[in-house]
Each structure stands twice: as structure tokens, then as C-alpha cells.
Amino acid sequence: MPHSTPEESVAAIISTPVSDDRGQSLEAFKAKLRNAGLYQPASDGTAASHDDITLLRFLRARRYDVDKAQMQFSDTEAWRKQHNVDELFRTFEANEMESARKFYPRWTGRRDKTGLPVYVYRLASLDAPLRKELESVPSERRYQRIVALYEAMTRFVLPLCSHLSAPTPVSSVTTIIDLEQVSLLAMWSLRSHLQVASTMATANYPETLSTIAIVNSPSFFPTIWNWIKTWFDEGTRNKIHILGKDPGPTLRSLIDEKDIPQSYGGQLPWKFEDDPDLDDTIKKLICEMPQGPVLFVDGSTVKLLG
């Protein structure tokens, strides 16, 4: 199973500048995508069809192999058209989006020491009534909910955090997965739901996961790890770190104590069921967390239809 020291965890999330070689890879990637009709550069005051941060995620996912990155990017663009992702997100009903958040990793409203947003997923919060509610939603709509929430992360939360961390871009999140009081039966009942979300994200939102800290892992975790690990590619598996029952010391090497929820050894009075508790810098910028489908563009929140 994966494991790490605090120093290794910190090293795993620190963003490094784009080197000359990687800069050349990015330009080569853009050229290939443009020739394939998959990318339009900025011109005459019109923004590029895709920003560099997004393109670099695909390159990193394929270790800067331009041909392999193009293949994944092309597959993702086809997937986005198949599911009409832009329109789905633009028109997603705000109340349903907010209600769906309780089934998935949630943003705490805080950032780690390198500016990445901190998400938490407490699986015990998905108790039997909530699991029944989740199962009552048609599978296609469950899938659309996952897509809408990933769009919210990549089009609002990450651009917001990038704006605050400029010039260092933010393209991924730090995630705490809490397995306290989770039964093997509950994990088994959620396995299909979790696998669909993980597989979709790996294929279409590559390199959006930075450090993944698993806390309060039960004694049966080695059993479930054998089937969970197949949902992720090798790069993602290497980012997963098992911190056990006392995660505080390691988490404090990643995240300031004031931004760690109290349940995990920090000072933040935030629970998984809560809305994001925005830090002071974010509050000054956006005042409060908007609901429904929103974008963060050029330093401002842009509300979509919802």
C-alpha cells in the first residue's frame, strides 16, 4: 500500500516552473492540437480555446509525450461533445448542484501551503439513508452530477486559487479522505459509485488530484485497497498516502493548522456537512461562496444560468 513521510508529501504538491524543454513540449502540443482542429490560439482580443494550465495537465498526465497527450485530449474533447458538458454545466439547476455536493469530496474553503484548495471526503457521512437517496437517482443523472461538480472545481475553484497564487498556477487539489467509522458493507455498496467517479476523472480531468491523504483507515483497508487501486493510473496511485489515526503532524506539514479541520488535528471548526468556510483572502475577493454553476474569470465571479 502507498505510504509517505511528511517531507515526501510536501514535495509531491509543490508546483515547479515550466522548464524550457517542457515549454517547448507545450508549444509542440498546441501546434499538433491546432492542426487537428482541437485548439485555437488567442487572437484579436479573443481568448485561446484552452488555457495553458489545462493543456499542461494533459501533458503531465502523459509525462510530456506529446502524441499520447494529444490522444487523451482528443478523447476528452469527444467525451465533452458526447455529454454536451458545457451546456450541461451552464444550465445545471443550482439547488440540485448544491444538494449533490453531500455525496462527493467537498471544498473546505481553505488552501494548503502552496495555494491548492483543500477538499475533504468523509465517507461515513454517506450513511444508509443517504446511500439510498443516491441509489434512487438514475445512473445517467448521477454521472451528470459528477461532471457538473468537476466543472465547478476546474472552472471556479481552481481559477480562483490560481488568481490568488499568481504567478504560480493552481491546477490540482489536496484531498483528505476520511474512512473513520466506515464499514466494509458501506464501502462495498459505494464501490460502483466511487469507481465511476474515479474513472471519469482520471480520463477527462487528468492531474487535478495532488496529494491524497487517507486518514482513519480501518483494519480492513488492505482488502478494499486491492480493488480501489485499479481505478487509478500509476501516477495517481503514487499520490495516495496513508496517514492512519493521527494525521495531524503530516497534515500540518502540508496545510497551515488554522486551515485544517479540527477533526484532523487543526483549528478549523468545519465539518463535512458544512459549506466552504472561506479564508479571509478569498472572502475579500468574492465575499461569499456562490451557488450553482459559476465561473471565475479575470478576477471575478461569472454567474451562469443555473
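Report follows, based on the coordinates. In this convention, every chain numbers its residues from 1, walking through the sequence in written order. Given that the model is predicted, a residue must reach a pLDDT of at least 70 before its local features are reported, and side-chain atom pairs must reach 80 or more before they are shown or counted; all residues, however, enter totals for whole chains, interfaces and linings. Excluded from the side-chain calculation are hydrogens and water; included are all heavy atoms of the structure.

1. Thoughts on the packing of helix H9 (residues 184–204) against helix H10 (residues 221–228)
Then step 1. Lines fitted to the C-alpha atoms define the axes, with helices restricted to the stretch that makes contact. Angles between their N-to-C directions range from 0 to 180 degrees. Put simply, DSSP H or I for four residues or longer makes a helix, DSSP E for two residues or longer makes a strand, and each gets a number counted from the N terminus. It is at 11 Å that the axes of H9 and H10 come closest, and there the two elements cross at 5°. Classed by the angle they form, the pair H9 and H10 counts as roughly parallel. Across the interface between the two elements, Leu-184, Met-187, Trp-188 and Arg-191 from H9 touch Ile-224, Trp-227 and Ile-228 from H10.
Then step 2. Note on residue categories: nonpolar means Ala, Val, Leu, Ile, Met, Phe, Trp, Tyr, Cys or Pro, charged means Asp, Glu, Lys or Arg, and polar means any other residue, Gly included. In the contact of H9 with H10, the residues fall into six nonpolar, no polar and one charged. Comment on the angle field: the value is read as roughly parallel under 35 degrees, roughly antiparallel over 145, roughly perpendicular from 65 to 115, and oblique elsewhere. Two residues form a contact once any of their heavy atoms are found within 4.5 Å.

2. Some points on the packing of aromatic side chains
The geometry of two aromatic rings is summed up by the distance between their centres and the angle between their planes.
Then step 1. Any two of the Phe, Tyr and Trp rings considered here, Trp counted by its six-membered ring, make a pair once their centres fall within 6.5 Å; the pair's planes then place it as stacked at under 30 degrees, edge-to-face at over 60, or tilted in between. Summed over the entire model, instances satisfying the criterion amount to ten aromatic pairs.
Then step 2. With a centroid separation of 5.5 Å and an interplanar angle of 90°, the aromatic rings of Trp-188 and Trp-227 are classed as edge-to-face. Linking Trp-188 in helix H9 with Trp-227 in helix H10, this pair joins segments that are 39 residues apart in sequence.
Then step 3. The cut-offs for exposure are 20% and 50% of the maximum accessible area for each residue type, with area from a 1.4 Å probe on protein chains only; residues under the lower value are buried, those over the upper are exposed, and the others partly exposed. Classification of Trp-188 by relative accessible area gives partly exposed; the value is 44%.
Then step 4. Among the aromatic side chains, those forming a connected cluster through ring pairs are Phe-29, Phe-58 and Phe-73.
Then step 5. Put simply, a charge is over a ring when the Lys NZ or the Arg CZ is close to the ring centre, within 6 Å, and near the line of the ring normal, within 35 degrees. The side chain of Arg-106 reaches across the aromatic face of Phe-272, ending 5.9 Å from its centre.
Then step 6. Geometry around Trp-188 places Arg-191 over its ring, the cationic atom sitting 3.7 Å from the centre.

3. Looking at the sheet that holds strand S4 (residues 209–215)
Then step 1. When DSSP locates at least two bridges between a pair of strands, those strands are taken to pair. Read across the open sheet, the five strands follow the order S1-S2-S3-S4-S5; overall the sheet is mixed. Both edges of this open sheet fall to strand S1 (106–111) and strand S5 (240–244), since each of them pairs with a single strand only. For this sheet the average axis-to-axis angle between neighbouring strands, irrespective of direction, equals 25°.
Then step 2. In this structure, S1 lies alongside strand S2 (residues 117–122), joined through three bridges in antiparallel fashion. Each bridged residue has a counterpart across the sheet, and for Arg-106 the counterpart in S2 is Val-120.
Then step 3. Where helix H8 (residues 139–165) meets the sheet, it contacts S1, S2 and strand S3 (173–178), and its direction lies at approximately 5° from that of S1.

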